[in-house]
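Residue strings, one per chain:
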Amino acid sequence: MTKFIFFTGGVVSSLGKGLSAAALGALLQARGYRVRVRKLDPYLNVDPGTMSPFEHGEVFVTDDGAETDLDLGHYERFTGESARQSDNVTTGRIYSEVLAKERRGDFLGGTVQVIPHVTDAIKNFAIADLKDEDFVLCEIGGTVGDIESLPFLEAIRQLGNQLGPQRSMFIHLTLVPYLAAAGELKTKPTQHSVKELQRVGIQPDMVVCRCERPIPADQRKKISLFCNIESSAVIQALDVDTIYQVPLEYHEHGFDNQVLRHFALPTGDKLDLSRWQNIVKRIREPEGEVNVAIIGKYVGLKDAYKSLAEALVHGGIANRSRVKLNWLESEIFEEEGAVGSLVDVDAILVPGGFGERGAQGKIQAARFAREHQVPYFGICFGMQMAVIEAARSLAGIQGAGSTEFGPCEDPVVGLLTEWQQGNVTQRRRAGGNLGGTMRLGAYPATLAQDSRVAEIYQCHEISERHRHRYEVNINYRELLEAAGLRFSGLSPDGELPEMVELEGHPWFIGVQFHPELKSRPFEPHPLFTSFIAAAIDQSRLV
Ligand code: GLN
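## Overview of the nonpolar core
Then, number 1: Counting 44 residues, the largest nonpolar core has I5, L24, L28, I171, V208, F255 and V259 as its most contacted members.
Then, number 2: Looking at this core, the element that brings in the most residues is helix α1 (residues 17-30), giving eight residues.
Then, number 3: If near-sequence neighbours (up to four positions away) are discounted, F255 is found in contact with F7, L24, I171, M206, V208, I235 and Y250.
Then, number 4: In terms of nonpolar packing, the next biggest core, distinct from the first, is built from 38 residues, V350, I397, V500 and L502 among them.

Listed below in structure tokens is the structure:
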């Protein structure tokens, strides 16, 4: 029988609940249990797809085409399990379902209310689409005390009651700040936050305390007294230098053992955590260092490119190298001569992006990489910009542009109006709805014989995750290939360019998909492994 562990958070946001759930998932998996990790988000958007990355961070895309919260990226990276649409829900989606039912007449005669209709829909989501999982870890987004979290807390309270303590557990994550002026760690915010949780009828079974200093036993005792739990259920979660240390740290402080004790499961077996130890060792003891410039639009917010940053670290792990990430705002390269400052970097990456602002800067960066033989990796928008640059500079198509920025003379990148998804033909038109209508999720691609990309993947058939509305126009293939930009990866019907590579360049690859979404620390993505290897070669030249 599947057991449910609910994660809530208090005191402040950004405590890393997602990471906590992911790390516990990894520890339970290391004991041979099957786990799924899910996220319930209280905001009103139906999904995060229409939110700015500045607002919400990266949009993580699943194989089945869901645009989800970035925490699902952590879940995948820590457990290796591919997430699905059924692993992330928002208030917006819940209400859309409830209201659609109301319109259909499913509640005919009844008054539709938050309790029970909305809470039932939340509970149904939490238990839906499961097979033989031993544990489902459910993270509730937001902070206890937020008005919009209330229906979610009520739903998990009811679910906990229905399942009973043998099949459910509540874990509350809080902050124990260090007050320099007092020279002390403060437990009061944690006490208040737990009280807030108790007010809605939830008694946590465990309190996980984020802290920058170890919490002494007497302070833990105090938290345990005020919060009604044993002191072994007060777990300290010290800040660590790499997120991949978190499972090791948790285990060290008894997190997983306490969870198993709660469910009366055996704790005796010695746990093999060597996979995590190896990763941490490689991160902490690199043999070299490379400098990668990431030229984007949302570089002010670390979370906007979360999976990308992790995938680059993974590429470093594979090459025993530390990857220094230089986040650069693309607009700065629109100034005459500004790209010259890229002379010191070992590789250039232009990630996914939307809209015209900064696009010219990205085109300049692609040009610099091409002309100076610096490794270049263009992801989605980064590929599109590199293709426009090659069209203008190599193929002599002066008016080359993207219709994303308005009508243009030579739409080398244009709106994707029709494509095949399995047996279904998807159609879009300009001016249609923006939510959930991009080409989303896993699509296959075929890699050309003797291409660089086939050598990197060591195969000719791949599947990667997409999230885009525009595509490189296949009608320009001949002109671009004649100019040296090879279309080395195509959709199986040959209609959609999926990958391009520049001949005669040490490493210049553009991909229409998002390989960073599938990279894992213990299974780095081959494109990132190869890109970092190229950066290492470049660093030896400089
Ligand atoms: N804006 C571009 C498109 O929609 C690229 C999207 C992306 O980089 N994810 O096609």
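## Focus: the pairing of strand β12 (residues 288-296)
Then, number 1: Sheet topology places β12 next to strand β13 (residues 321-329); nine bridges connect them, and they run parallel. Directly across from G296, in β13, lies its bridge partner E329.
Then, number 2: Assessed by its sense of winding, the connection that carries the chain from β12 through helix α12 (residues 306-318) to β13 is right-handed.
Then, number 3: Note: β12 against strand β14 (residues 347-350), three bridges, orientation parallel. What sits directly across from V292, in β14, is A347.

## Side note on the pairing of strand β17 (residues 410-415)
Every regular strand shows the same layout, with side chains that alternate between the two sheet faces.
Then, number 1: By the bridge criterion, three bridges tie strand β16 (residues 400-402) to β17 in an arrangement that is parallel. Residue pairing for β17: A400 is matched across the bridge by D410.
Then, number 2: As judged from the three bridges shared by β17 and strand β22 (residues 470-472), these two strands associate in the antiparallel manner. Among the inter-strand pairings, V413 is bridged to a residue of β22, identified as V472.

## With respect to the site of the ligand
Then, number 1: Contacts to the ligand come from G352, G353, F354, C380, F381, Q384, E404, R467, H468, R469, Y470 and H514.
Then, number 2: Measuring from an oxygen atom of the ligand, one finds a backbone N or O atom of R469 at 2.9 Å.
Then, number 3: Note that an oxygen atom of the ligand is positioned 2.8 Å from one of the backbone N or O atoms of Y470.
Then, number 4: Of all elements in the fold, only α14 (381-393) and β21 (461-468) reach the threshold of two or more residues within the shell around the ligand.
Then, number 5: Across the shell around the ligand, the residue classes tally to four nonpolar, five polar and three charged.

## Quick look at the sheet that holds β22
Then, number 1: Strand order in the open sheet made by the three strands is β16-β17-β22, with mixed pairing throughout. Strand pairing shows two members of the sheet lacking a second neighbour, β16 and β22, which therefore form its edges. When strand polarity is set aside, the average angle formed by the axes of neighbouring strands in this sheet is 30°.
Then, number 2: With respect to the sheet, α14 is in contact with β16, β17 and β22, its orientation differing from that of β16 by roughly 160°.

## Side note on the packing of aromatic side chains
Then, number 1: Within the structure shown, the criterion is met by 18 aromatic pairs.
Then, number 2: Pairing W276 with F522 gives two aromatic rings, centres 5.6 Å apart and planes at 90°, and the pair type is edge-to-face. One end of the pair, W276, is in helix α11 (residues 274-284); the other, F522, is in the loop between β25 (508-511) and α17 (526-541), with 246 residues separating them in the sequence.
Then, number 3: What makes F522 partly exposed here is its relative accessible area of 23%.
Then, number 4: Between Y376 and F508, the ring centres sit 4.7 Å apart and the planes meet at 20°, which makes this aromatic pair stacked. With Y376 in strand β15 (residues 376-379) and F508 in strand β25, this pair connects stretches of sequence that are 132 residues apart.

Each value, and the rule that gives it
Residues numbered from 1 in each chain as written. Predicted model: local features only at pLDDT ≥ 70, side-chain atom pairs only at ≥ 80, totals over all residues. Heavy atoms only, no water. Core = buried A, V, L, I, M, F, W, Y, C linked by side-chain atoms within 4.5 Å. Buried < 20%, exposed > 50% of the residue type's maximum accessible area, 1.4 Å probe, protein only. Helix = DSSP H or I, 4+ residues; strand = E, 2+ residues; numbered from the N terminus. Contact = heavy atoms within 4.5 Å. Pairing = 2+ DSSP bridges. Right-handed = clockwise from strand over helix to strand, strands pointing away. Near = heavy atom within 4 Å. Polar contact = N/O pair within 3.5 Å; in protein donor to acceptor, adjacent residues only side chain to side chain. Nonpolar A, V, L, I, M, F, W, Y, C, P; charged D, E, K, R; others polar. Axes fitted to C-alpha atoms, helices over the stretch in contact; angles between N-to-C directions. Phe/Tyr/Trp six-rings, centres within 6.5 Å; stacked < 30°, edge-to-face > 60°.

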